Each structure stands twice: as C-alpha cells, then as structure tokens.
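Reading the structure
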Amino acid sequence: MVPIRTITLTLGRNRQTTPMSGPEWLTFQRQATALLTELAGTEPSWIETHYGVGEWDGVREESVRITLLDALEVPALGFLDAVSALAATYGQDAIAFATGTSVLLTASHTVSA
C-alpha cells in the first residue's frame, strides 16, 4: 500500500440563499482548481472533481469537492490565505478545507494482525 496525500476544497454554490449564476459558479470552481494546481507545481499529481447537493444553514445547495491527489506537503499559510480570499470574493461563509491520506486497496488486499 502506498499512501497518497490529499488536499480537498469543498465549495457551495449559494450566496446566502441564492445560487450563483452558471458562469460565476464555473469561474469559482476554476479559480479553486487553479489554487490546487499551483500548489502541486511541477510534481506528478492529479485533480478529481465530484459534484453533490447538500444543505448549509437549512438551505439546499449544490456543491463541488475538488481534490488534489498526491500532494507532497501540507499547504503553506499563503495557500490558506488565498482560499480565504476566494471565499470572500464569492460571498461564501466558508470553503471547507481538508487534508489527509488516501490508500488504494485491491480486491486481494489482506490485513494481518
């Protein structure tokens, strides 16, 4: 098993209770993806995007989870500041940020004690 470091940003589409326009929503996603791409630099990595619907403060909201896989290090403070600035630009209460480790398990994987 080779662990893969992951960094994920989760964005919500709404500004308070109103969804962003389609073009604005796409631009927001592209800018968040660009931050992760910049973080990856020239190192081998890839980005996955997953869409869903959730709820924030009791209001239904579309969301997107953008994950950088195979990140080499925990982001510097400048990256977190850039994510906060992006949230402010798009009128967001918050952008969820998560970092962790992912492991691929095959069908033949066994765990021994």
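Here the structure is shown first, and the text comes after it.
We now turn to the structure provided with this report. Values in this document were obtained by computation on a predicted structure and should not be read as measured data.

All right, on to unusual backbone geometry then. Of note, Gln16 is a non-glycine position whose phi angle comes to about 55 degrees, a positive value. Note that Gln16 resides in the loop between β2 (14-15) and β3 (18-19). The exposure class assigned to Gln16 is exposed, which follows from its relative accessible area of 71%. Of note in the backbone geometry, Asp57 takes a positive phi value of approximately 50 degrees without being a glycine. Mapped onto the elements, Asp57 comes out in the loop between β4 (46-56) and β5 (59-69).

Among the structural elements, Leu26 can be located in helix α1 (residues 22-40). You can call Leu26 partly exposed: its relative accessible area is 41%. With 13 residues separating them along the chain, Leu26 and Arg13 place their C-alpha atoms 9.6 Å apart.

Counting residues in hydrophobic clusters, the biggest one holds 19 residues, and the most contacted among them are Leu9, Leu11, Phe28, Leu36, Leu86 and Ile95. For this core, the elements supplying multiple residues, two or more each, are β1 (4-12), α1, β5 and α2 (77-89). Top element by residues in this core is α1. It accounts for six residues. In contact with Ile95, not counting residues within four places along its chain, are Leu9, Thr10, Leu11, Phe28, Val83, Leu86 and Ala87.

Bringing the sheet that holds strand β6 (residues 96-102) into the picture now. Strand order in this open sheet of four strands is β4-β5-β1-β6, and the pairing throughout is antiparallel. At either end of the open sheet lies a strand with only one pairing partner, and these are β4 and β6. Averaged over all adjacent pairs, the angle separating strand axes in this sheet is 25 degrees, with direction ignored. Bridging between β1 and β5 involves seven bridges; their strand directions are antiparallel. Paired with Leu11 across the two strands is Val64, which belongs to β5.

The next subject is the pattern of salt bridges. When the charged atoms of two side chains lie near each other, side chains of opposite charge can form a pair. This structure, assessed with the given rule, holds two salt bridges. Between Glu62 and Arg13 there is a salt bridge, with its nearest N and O atoms 3.2 Å apart. Highlighted residues: Glu62 in strand β5 and Arg13 in the loop between β1 and β2, separated in sequence by 49 residues. For Glu62, a relative accessible area of 33% corresponds to the partly exposed category. Exposure remark for Arg13: the relative accessible area of 15% places this residue in the buried category.

Thresholds, definitions, all that
- Residues numbered from 1 in each chain as written.
- Predicted model: local features only at pLDDT ≥ 70, side-chain atom pairs only at ≥ 80, totals over all residues.
- Heavy atoms only, no water.
- Helix = DSSP H or I, 4+ residues; strand = E, 2+ residues; numbered from the N terminus.
- Buried < 20%, exposed > 50% of the residue type's maximum accessible area, 1.4 Å probe, protein only.
- Core = buried A, V, L, I, M, F, W, Y, C linked by side-chain atoms within 4.5 Å.
- Contact = heavy atoms within 4.5 Å.
- Pairing = 2+ DSSP bridges.
- Axes fitted to C-alpha atoms, helices over the stretch in contact; angles between N-to-C directions.
- Salt bridge = Lys/Arg side-chain N within 4 Å of Asp/Glu carboxyl O.

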